[in-house]
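# Architecture at a glance
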Amino acid sequence: MRLKPLLPALAVLASAALAVPALAIPAADTSGTGEPAFRALYKELVETNTAPGEGSCTLAAQRMEARLKAAGYTDADIHLFIPDSAPKDGGIVAVLRGTGSKKKAILLLAHIDVVAAKRSDWTRDPFTLIEEGGYFYGRGTSDDKAQAAIWTDLLIRLKQEGYRPKRDIKMALTCGEETEGVFNGAHWLSTEHKDWIDADFALNEGANGQLDETGRKIALNIEAAEKVYQDFKLETTNPGGHSSRPVPENAIYQMSAALPKIGALEFPVMLNDATRAYFTRMAPIVGGESGAAMLAIVKNPMDSAANAILSKNPQWHSMLRTTCVATLIEGGHALNALPQHVSANINCRIFPGVSVDDVQAALVRAVADPAVKVSIVEPRSLATPAPALGPDILGPIEKVSAELWPGVPVVPTMTTGATDGIYTSAAGIPTYGVEGLFVDPDEGHIHGLNERVGVQSLMDARRFMYRLVKLYAAQ
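What comes next concerns the included structure.

Packing of helix α1 (residues 35–46) against helix α14 (residues 455–473) brings their axes to within 12 Å, and their N-to-C directions diverge by 110 degrees. Classified by the interaxial angle, the pair formed by α1 and α14 is roughly perpendicular. Across the interface between the two elements, E35, F38, R39 and Y42 from α1 touch V455, L458, M459 and R462 from α14. A class-by-class count of the residues in the contact of α1 with α14 yields five nonpolar, no polar and three charged.

Structure (structure tokens):
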């Protein structure tokens, strides 16, 4: 690992806002100023290709470093790190130093790598920021360069204003979130240089505001928990032989018998603070049979009728339990030979608090065949606790949201996917998905073709984050 530049020596959610000290936003509200500079920064970040292989997160980090230094940050405030094993996968950590409060820092986390995008498949060049019809188009316009740009812009503006927070404000822009098996900056920082990012809590991606088909704001979601990603491998083996002399013991048939059992495996309903809050607050928004089922499942997780209603929705079904699904199968070695080996990948999204070993044991019980081996695919995922969502976190979010979007409910949720928050939370930094970015029902084609984000939505998210971070920094 090369480090550039050289481093110097080194609960109850109800009435949450009432429990938070009255932290007024300054009368001279500058949260919406400086838009041209922000647009230029955002454009540079989106147009820096950071897709795996062809792009460079290091170049994006270096460009953000140049902007931070132009705003007055020094080498002592910045850590630019570049792994020797992956010179394109660098990242950056920067800090706006506080006035010495005993409160630990706030960490602003975002990833700057993006999913690959093939120009011939897109209507527009994916690595050219295009504004059209009220949207910004381009790979990463939403996931996750919107937040990375907002964080960098925020640190620049606060420095230019001469703002001194009570507690340090740290920012980490990292690579590797979108691709398995590559250098992951958030993981490396959490294990090798936690001192650079150590904080009371972190704000990250993971939950957006919801818009309906007409553009009406439905809810501002806040991610307060993440499921744990883990792959398992099912394997069957056989001596094989000539296909003209088949025998009953066939590796393909054994696997074919095992997979339906995995498909029928249903893990029990579980709830935590995040999902209880989600279903409680979404019930009046959804209404009808589903809304009633949400309240019923919160009251009694064993309510089979409520479970059946909610499980018709794939998202709600996944939020209520651990899920496992077959995603890949391969086997056999010749058209005219009996198969000697068959394997299948089982991808599980594990409810927080459930161990990987317990899920493996459940798969073994479901298959109920000693001839089918069930193993953990390394690396074993970290056990990530669900952070507490107390009034010190939720109160400021509700306060700023009410000022910018009156009447729009704030709804805690648990993401069924995964973000880099698994690493920071596992390292003892409670991490919350807070973006303030409202997206269409199609989620802005994230990871798909013609990714986009609403221009006004992005500017509103920038304003939201400016106010929110200042409230946290004043605690």
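Our next topic: the packing of aromatic side chains. Scanning all chains against the criterion turns up ten aromatic pairs. The interplanar angle of 25 degrees and the centroid separation of 5.2 Å between the aromatic rings of F81 and W188 together place this pair among those described as stacked. With F81 in strand β2 (residues 78–82) and W188 in helix α4 (residues 185–192), the pair connects residues that are 107 residues apart, well separated along the chain. Of the two residues, F81 and W188, neither departs from the other in class, the shared state being buried. Members of the aromatic cluster, connected to one another through ring pairs, are F81, F183, W188 and W196. One Lys or Arg, R452, reaches over the ring of Y135 and ends 3.9 Å from the middle of that ring. Its guanidinium or amino end placed over the ring of Y163, K470 lies 4.7 Å from that ring's centre, counting from NZ or CZ.

Calculation notes
Residues numbered from 1 in each chain as written. Predicted model: local features only at pLDDT ≥ 70, side-chain atom pairs only at ≥ 80, totals over all residues. Heavy atoms only, no water. Axes fitted to C-alpha atoms, helices over the stretch in contact; angles between N-to-C directions. Helix = DSSP H or I, 4+ residues; strand = E, 2+ residues; numbered from the N terminus. Parallel < 35°, antiparallel > 145°, perpendicular 65-115°, else oblique. Contact = heavy atoms within 4.5 Å. Nonpolar A, V, L, I, M, F, W, Y, C, P; charged D, E, K, R; others polar. Phe/Tyr/Trp six-rings, centres within 6.5 Å; stacked < 30°, edge-to-face > 60°. Buried < 20%, exposed > 50% of the residue type's maximum accessible area, 1.4 Å probe, protein only. Lys NZ or Arg CZ within 6 Å of the ring centre and 35° of its normal.

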